[in-house]
Amino acid sequence: MFGTLKRYLLLILTANLASGAIAQQNEPVNPDTNVNAGITVVRDTTDSSKLRHYYKLANGRVLGEDSVYVFDATDDCESDGKIRFRDRVTDKVGFFDNDGRVVVPAVYNDASRFQNGMAMVIKDARRVGWDGEDCEKSDCEHWLWKGGSMMLINAQNQVLVDSFEVDGQINWYSLRIKDMRGDTSLFCSVKGVNGKWYVFVDYQKEFDKWFREEYLAALPDLAKLREFSHDSLVSSLPEYEEWQRMSGDEFIQKCGSRLAARLQLVRDHKISIFTGLTPFGLNPYIHTGASFEPFFDGCIPGDAGRYPAFEVTSNFTGKDGRLHYQENYSFLRTDKGYKLIGISWRNP
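To start, this report covers the structure provided alongside it.

### Observations concerning the overall build of the chain
Of the regular secondary structure elements, the chain holds five helices and 23 strands. Looking at the chain as a whole, 50% of its 348 residues qualify as buried. Residue pairs at least 24 apart in sequence account for 50% of intrachain contacts in the chain once pairs closer than 6 positions are excluded. Looking at the chain as shown, the accessible area adds up to about 17400 Å², and 49% of this sits on carbon and sulfur atoms.

Have a look at this one:
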């Protein structure tokens, strides 16, 4: 479980978009998607005899050829003025800054993207297959990190926390350094090497609290439900064969009463639900348009570190107690609080 947790945490923090990986692989040239970045990744196939895979600075300089950090078939992109690279000789990970300088040497097995001046890193671990196979000597399709240390470092490669074991998705930008732990009902706390506590808001706990104490508590006020809805929603409704895009006003006008009735069943505990963080954030192929542009940082997918997305799944069971079908609600954390961005209903 220890090793699985390590890989799961890095999966959330390092992955860019699993669903878009195949589409990206099929493109002959990977353009500079993060147009405002100082350093980007290029997959150049202009020479049909050789694929060039490298970093390019804003001034056009090329570096790190064949050292591009790739996770789940997707290239890394700049975050917090830094981008990961993998030394192909040592198989270790470090960071370039957007001037092409090595600001964190390649001494780590793996690392998350930098956010708010911090990154998670794993050192002195080894890859082990799910069946116990040694993946350092042979390729494994499914593996996890075993042993070693998971740490939190700053931009100067100084260790802030030497045992960074957390269960959940933390808000890096909520960091407070305190003399004592934070309230466990909302916060995740880890002890730093300086003896202080690094206290972060736990996104999952924050969302669950909001959903229960604010969103469901607003029923059956449609005006309040509109306030908690994004300006654009993408929904799958039983009366339509295709996904529908509606403004927030149109959605509440057409579907507000049904929404309130369904949520009332949840509030009254007549329908069980499951809430979960969407690890890869917004889907850029679904959540398009001007209303979603602020939530993308130039990388694929959205800026999940600042604007995480959540799914609420309603479970409908029959008299036999078996699950018959599910319905889903999608939410996004915005600068104005959590907003409903889509629904998927099976029945009217």
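### So, the sheet that holds strand β2 (residues 52-57)
Pairing is antiparallel in the open sheet, where three strands are placed in the order β1-β2-β3. In this open sheet, the two edge strands, each paired with only one partner strand, are β1 (39-44) and β3 (62-63). Across two bridges, the pairing between β2 and β3 is antiparallel. The residue bridging Tyr55 from the neighbouring strand is Leu63, located in β3.

### Some details on helix α5 (residues 248-267)
Residues spaced three or four apart along an α-helix point in a common direction, a consequence of the helix completing one turn every 3.6 residues. Taking 1.5 Å as the rise per residue, α5 with 20 residues should run 28 Å; its terminal C-alpha atoms sit only 22 Å apart, a clear shortfall. Its maximal kink placed at Cys255, α5 deviates by approximately 70°. Along α5, the positions that sit buried rather than exposed are Gly248, Phe251, Ile252, Cys255, Gly256, Leu259, Ala260, Arg262, Leu263 and Val266. The first or second residue beyond α5 is His269, which carries a positive phi of 65°.

### Some details on the environment of Ser291
Among the structural elements, Ser291 can be located in the loop between β20 (272-278) and β21 (309-317). Assessed through its relative accessible area of 24%, Ser291 is described here as partly exposed. Taking the C-alpha atoms as reference points, Ser291 and Leu233, 58 residues apart in sequence, are found 9.8 Å from one another. Once residues lying within four places of it in the same chain are set aside, the contact partners of Ser291 are His230 and Ser232.

### Thoughts on the nonpolar core
Judged by nonpolar contacts, the single largest core of 32 residues is most densely connected at Phe211, Tyr215, Phe251, Leu259, Tyr329, Phe331 and Leu340. Per-element accounting of this core gives the leading share, seven residues, to α5. Apart from the residues within four sequence positions on either side, Phe211 is in contact with Leu216, Val266, Ile273, Val312 and Phe331.

### Thoughts on the pairing of strand β22 (residues 323-334)
Note that β21 and β22 share nine bridges and pair antiparallel. Among the inter-strand pairings, Phe310 is bridged to a residue of β22, identified as Phe331. Hairpin geometry of β21 and β22 is characterised by an intervening segment of five residues between the two adjacent antiparallel strands and by a positive phi of about 80° at Gly321. Across seven bridges, β22 lies against strand β23 (residues 337-344) in antiparallel orientation. Across the sheet, the residue bridging to Ser330 is Gly342, located in β23. In sequence, β22 turns back onto β23 through a hairpin of two residues.

### Description of unusual backbone geometry
Of note, the bond from Leu219 into Pro220 is cis; its omega dihedral lies within 30 degrees of zero at 0°. With respect to the helices and strands, Pro220 occurs in the loop between α3 (203-215) and α4 (222-227). In the Ramachandran plot, Asn116 falls in the positive-phi region, its phi being about 55° despite a non-glycine side chain. Take Asn116: it is sitting in the loop between β9 (110-111) and β10 (118-123). Overall, Asn116 belongs to the partly exposed group, its relative accessible area being 36%. A positive phi is found at Asp124, a non-glycine position, where the angle reads about 65°. By secondary structure assignment, the location of Asp124 is in the loop between β10 and β11 (126-129). Since its relative accessible area comes to 63%, Asp124 is described here as exposed.

### Regarding α3
Those residues of α3 not exposed but buried are Tyr203, Glu206, Phe207, Trp210, Phe211 and Tyr215. The buried residues of α3 occupy one face: seen down the axis, they fall within an arc of 130°. Residue Asp202 occupies the N-cap position of α3, its side-chain oxygen lying 2.9 Å from the main-chain nitrogen of Gln204.

### A few points about the pairing of β2
Looking at chain direction, β1 and β2 are connected through six bridges and run antiparallel. Directly across from Thr40, in β2, lies its bridge partner Lys56. Between β2 and β3, which follow one another and run antiparallel, lie four residues, and Gly60 among them has a positive phi close to 95°.

Quick notes on the rules
Residues numbered from 1 in each chain as written. Predicted model: local features only at pLDDT ≥ 70, side-chain atom pairs only at ≥ 80, totals over all residues. Heavy atoms only, no water. Helix = DSSP H or I, 4+ residues; strand = E, 2+ residues; numbered from the N terminus. Buried < 20%, exposed > 50% of the residue type's maximum accessible area, 1.4 Å probe, protein only. Contact = heavy atoms within 4.5 Å. Areas by Shrake-Rupley, 256 points an atom, 1.4 Å probe, with all protein chains shown as cover. Pairing = 2+ DSSP bridges. Expected span 1.5 Å × (residues − 1). Bend = angle between axes of the 7 residues up to and from the residue. Core = buried A, V, L, I, M, F, W, Y, C linked by side-chain atoms within 4.5 Å. Arc of directions from axis to C-beta. Polar contact = N/O pair within 3.5 Å; in protein donor to acceptor, adjacent residues only side chain to side chain.

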